Amino acid sequence: MTASHSRQATRALVLATLVFAINFSVWTLYAVMSVELKQVLELSSTQVGILLSAPIITGALLRLPAGILCERYSPKMILILQMLITVPPLVLLPSIDSFSGYVIVGLLIGISGVSFSIGIRYLTDWFDSKEQGTAMGVFGAGNAGAALSLIIVPYIRDVWSWNTIGPSYSAMVLITCFAFWLAAPSPPKFKQQNKQKPLAFFVKPLAHARVWRFGLYYYFVFGSFLALLLWLPQYYVNAYALPFNQAMALTLLFVISSSMARAAGGWFADRFGARNVNWGVFWICLVCLFFLSYPPTTMTIHGVDRDVELYIELNVWVFTVLLLLIGLAQGFGRASVYKIINDYYPEQMGSVGGMVAMLGALGGCTLPILFGLAVDIAGVYSACFMLLYGVLAVCMLLMHLAIKRERYKSRVLEAQQHNFLEQD
């Protein structure tokens with residue numbers, strides 16, 4: 001890599017990460033707004049889940065077609081177009097006054113979530129395979145954009161008014177879009193050969209079971225991260241009766257730590273293997289979710305002379321520490337999943353990466369709804385963590401079976417080669 005190319009690659013990485021962070025803050029805007037909207041619109045937990053999921057489902061479903069488009073057209077220009085499309089619904093936000101209205105506008109705002117697939121494809125041409133994990137990990141740290149919403153929205157609401165949130169965000173997106181258009185370099189070799197390849201070359205891998213398995217891993221490490229950052233503000237307010245600003249601060253801590261860990265996760269995946277990182281991530285999360293799933297419990301032990309009352313509950317600080325451990329592990333996991341995708345499908349990062357990104361983001365829209373249903377049905381706030389525990393158990397089972405199958409195939413192949421050599 002020449003010095004000039006290296007400088008341009010670094011600039012591309014920095015600007016793409018900034019753009020992704022701004023788009024991610026828009027994509028998760030409802031995480032902060034939902035706390036007040038729940039009170040104003042008198043929403044149930046299930047309705048809150050639907051509201052939080054509205055922007056996520058659009059961003060999720062459009063990630064695959066966006067990834068395929070990036071194989072044919074310039075990812076830089078597609079990213080600029082995506083940001084311009086996001087502006088009008090943000091401008092409309094102050095005029096909305098109903099639950100259905102917020103859901104519809106949320107679906108339009110969700111186009112901001114497509115920026116991940118486009119950005120990943122944009123960066124693929126700038127870095128070789130030995131640097132892909134680190135580069136994608138740094139880019140993925142743009143998840144910290146959610147922290148912008150946790151900081152900026154309360155500030156805008158207190159200093160100006162609730163109705164200025166949408167216009168303020170639209171101005172921020174326009175400024176970012178203009179800066180990216182001016183300063184971001186176009187890839188030096190936009191892979192002209194890819195333009196000439198048939199669409200089937202990019203679509204065929206989507207039928208591989210391995211791709212869907214990667215998607216399930218990402219459903220947990222990214223989908224549950226997204227669902228938690230959307231769900232945590234109102235969880236802290238309802239389960240622990242924390243004031244709004246303190247709930248935002250603790251959620252902010254979760255988001256920033258997990259997002260920053262993603263950059264380190266890419267480095268670890270490059271050096272120690274993506275699968276090893278994934279396996280460690282799953283075990284850490286499984287242990288933490290076991291404790292988070294336990295609801296506040298009062299037990300009466302009938303002793304010889306008297307009854308003994310026991311009250312078991314995670315206080316807010318133990319709860320937060322366990323959440324931080326999960327967030328850090330998920331950050332490592334998000335980077336390692338994309339490293340392993342690049343190991344298997346280096347020429348199809350747009351389509352395969354878009355598919356996995358779509359499946360992962362679907363976790364961000366389905367899980368909040370399932371969280372709300374679980375809480376409404378079970379009647380305990382920790383039901384959402386019980387649900388996540390089950391999702392993770394399925395991921396670990398499939399990963400174990402996949403590793404076992406690959407080892408079996410490897411042994412069969414070695415045996416065949418040994419027999420062939422003996423016959424010679």
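Everything below is about the structure shown above.
In short, a report on the structure. This structure is a prediction, so every number in the text was calculated from the model and none was measured.

### What to know about the overall build of the chain
Assigned secondary structure in the chain consists of 18 helices and two strands. Computed over the C-alpha atoms, the radius of gyration of the chain is 23 Å, within 12% of the 22 Å expected from 2.2 N^0.38 for a compact globule of 424 residues. Summarising its shape, the C-alpha atoms of the chain cover approximately 85 × 60 × 35 Å along the three principal directions. Out of the 424 residues belonging to the chain, those deemed buried represent 55%. For the chain, restricting intrachain contacts to residue pairs at least 6 apart in sequence, the fraction spanning at least 24 positions comes to 85%. Here the chain has roughly 18200 Å² of accessible surface; of this, 67% comes from carbon and sulfur atoms. Distance between charge centres in the chain, computed from 27 positive and 20 negative side chains, equals 13 Å.

### Some words on the packing of aromatic side chains
To describe a pair of aromatic rings, one takes the distance between the centres and the angle between the planes. Taken as a whole, this structure holds 30 aromatic pairs when the rule is applied. An angle of 75° between the planes, with centres 6.1 Å apart, marks the rings of Y235 and Y381 as edge-to-face. Taken together, the positions of Y235 in helix α13 (residues 209–239) and Y381 in the loop between α17 (349–378) and α18 (383–423) put the pair 146 residues apart, joining distant regions of the chain. Y381 sits in the partly exposed class, given a relative accessible area of 37%. Among the aromatic residues, ring-to-ring pairing joins F20, F24, W27, F116, F139, Y218 and F222 into one connected group. Looking at R334, its charged tip hangs above the ring of F225, at a distance of 4.0 Å from the centre.

### Considerations on the pairing of strand β1 (residues 297–302)
Sheet topology places β1 next to strand β2 (residues 307–312); six bridges connect them, and they run antiparallel. When the sheet's bridge partners are listed, T297 is paired in β2 with I312. The loop that links β1 with its antiparallel partner β2 comprises four residues.

### Examining helix α3 (residues 45–61)
Over its 17 residues, α3 runs 24 Å from end to end, which matches the ideal 24 Å to within 8%, given 1.5 Å per residue. Most of α3 sits out of view: 13 of its 17 residues are buried.

### Focus: a nonpolar patch on the surface
On the surface, Y294, M299, I301, V308, L310 and I312 cluster together to form a nonpolar patch covering roughly 460 Å² of accessible area. Here the element with the most residues in the nonpolar patch is β2; it accounts for three residues. With respect to the secondary-structure elements, L310 resides in strand β2. The partly exposed category is assigned to L310, whose relative accessible area is 36%.

### Side note on the environment of Y344
Among the structural elements, Y344 can be located in helix α16 (residues 316–344). The spacing of Y344 and G113 is 231 residues in sequence and 25 Å in space, taken between C-alpha atoms.

### Description of the packing of helix α5 (residues 75–92) against helix α7 (residues 115–124)
At their nearest, the axes of α5 and α7 sit 9 Å apart, and the two run at 160° to each other. Relative to α7, the element α5 is oriented roughly antiparallel. Read as a crossing pair, α5 and α7 show a hand that is left-handed. Each of P75, K76, I78, L79 and Q82 in α5 lies in contact with α7, whose residues at this interface are S115, I118, R121 and Y122. Per-class residue counts for the contact of α5 with α7 are five nonpolar, two polar and two charged.

How each quantity is defined
- Residues numbered from 1 in each chain as written.
- Predicted model: local features only at pLDDT ≥ 70, side-chain atom pairs only at ≥ 80, totals over all residues.
- Heavy atoms only, no water.
- Helix = DSSP H or I, 4+ residues; strand = E, 2+ residues; numbered from the N terminus.
- Rg over C-alpha atoms; globule rule 2.2 N^0.38 Å.
- Buried < 20%, exposed > 50% of the residue type's maximum accessible area, 1.4 Å probe, protein only.
- Contact = heavy atoms within 4.5 Å.
- Areas by Shrake-Rupley, 256 points an atom, 1.4 Å probe, with all protein chains shown as cover.
- Lys, Arg positive; Asp, Glu negative; His and termini not counted.
- Charge placed at Lys NZ, Arg CZ, Asp CG, Glu CD.
- Phe/Tyr/Trp six-rings, centres within 6.5 Å; stacked < 30°, edge-to-face > 60°.
- Lys NZ or Arg CZ within 6 Å of the ring centre and 35° of its normal.
- Pairing = 2+ DSSP bridges.
- Expected span 1.5 Å × (residues − 1).
- Patch = residues over 30% accessible without salt bridge, like charges linked within 9 Å, V, L, I, M, F, W, Y side chains within 5 Å.
- Salt bridge = Lys/Arg side-chain N within 4 Å of Asp/Glu carboxyl O.
- Axes fitted to C-alpha atoms, helices over the stretch in contact; angles between N-to-C directions.
- Parallel < 35°, antiparallel > 145°, perpendicular 65-115°, else oblique.
- Left-handed = near helix turned anticlockwise from the far one by under 90°.
- Nonpolar A, V, L, I, M, F, W, Y, C, P; charged D, E, K, R; others polar.

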